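Working through the structure, step by step
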Amino acid sequence: METLRLFDSHCHLDDRAFKGKLELFLTRAADAGVRRVLVAACDEHSSFESLNMAGERCGVEIFAAAGVHPHEAKTVASGIPEELTDLSENPKIRAIGECGLDYYYDHSARGGQQR
């Protein structure tokens, strides 16, 4: 029987819950058929963290995303930092996100999210 080849298109492996246990979680994911994951970023810091994680580990290929979640829009009120924009040119960055609008919680003003 052929093993499933799954792609987790949205995870946060940079979360502190994985600190010191990342290899364990990746091994478990690989055992369950996960072959690729995309680490979604929520702010400038996590964008760089996702980039640092990109590559092959424990049989799982890790892809990186760069972006700012709408809840964190207030952290880039004066515009997306040039360093973050430059990340989009890095070949290890495979996606832009998290991004968009999220008016449910209003953690950041709607105008700031739109900008």
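Throughout what follows, the structure given in this document is the object of discussion.

1. Side note on the packing of aromatic side chains
In the structure shown here, the tally under the stated rule is 3 aromatic pairs. A ring pair is formed by Phe7 and Phe63, whose centres lie 5.8 Å apart and whose planes are at 10 degrees; its orientation type is stacked. Taken together, the residues Phe7 in strand E1 (residues 6-11) and Phe63 in strand E4 (residues 60-66) connect sequence positions 56 residues apart. Note on Tyr104 and Tyr105: the rings are 4.7 Å apart at their centroids and 90 degrees apart in plane angle, and the pair reads as edge-to-face. For the residue pair Tyr104 and Tyr105, the accessibility class agrees, reading exposed in each case.

2. As for unusual backbone geometry
A cis amide bond links Gly97 to the next residue, Glu98, at an omega of 20 degrees. For Glu98, the location among the structural elements is in the loop between strand E5 (93-96) and helix H4 (110-114). Phi angles above zero are rare outside glycine, and Asp106 is one such case at about 55 degrees.

3. Here we look at helix H1 (residues 22-31)
Among the residues of H1, Leu22, Leu26, Ala29 and Ala30 are the ones counted as buried. The arc enclosing the buried residues of H1, seen along the axis, measures out at 100 degrees, which places them on a common side. In H1, the exposed positions that point more than 90 degrees away from the buried face belong to Arg28 and Asp31.

Analysis parameters
- All residue numbers refer to position in the chain's written sequence, counted from 1.
- Whole-chain, interface and lining totals are the exception, using all residues; otherwise, since this is a predicted model, local features are given only for residues with pLDDT of at least 70 and side-chain atom pairs are given and counted only at 80 or more.
- Here the side-chain values reflect all heavy atoms present in the structure, with hydrogen atoms and water set aside.
- Note on ring pairs: Phe, Tyr and Trp rings are taken, using the six-membered ring of Trp, and paired if centres are within 6.5 Å. Classes follow the plane angle, with under 30 degrees stacked, over 60 edge-to-face and the rest tilted.
- Each helix is a run of DSSP H or I of at least 4 residues and each strand a run of E of at least 2, with the numbering of both proceeding from the N terminus.
- Relative accessibility thresholds used throughout: buried, under 20% of the residue-type maximum; exposed, over 50%; partly exposed, between the two (1.4 Å probe, protein chains only).
- The reported arc concerns the directions from the helix axis to the C-beta atoms and nothing else.

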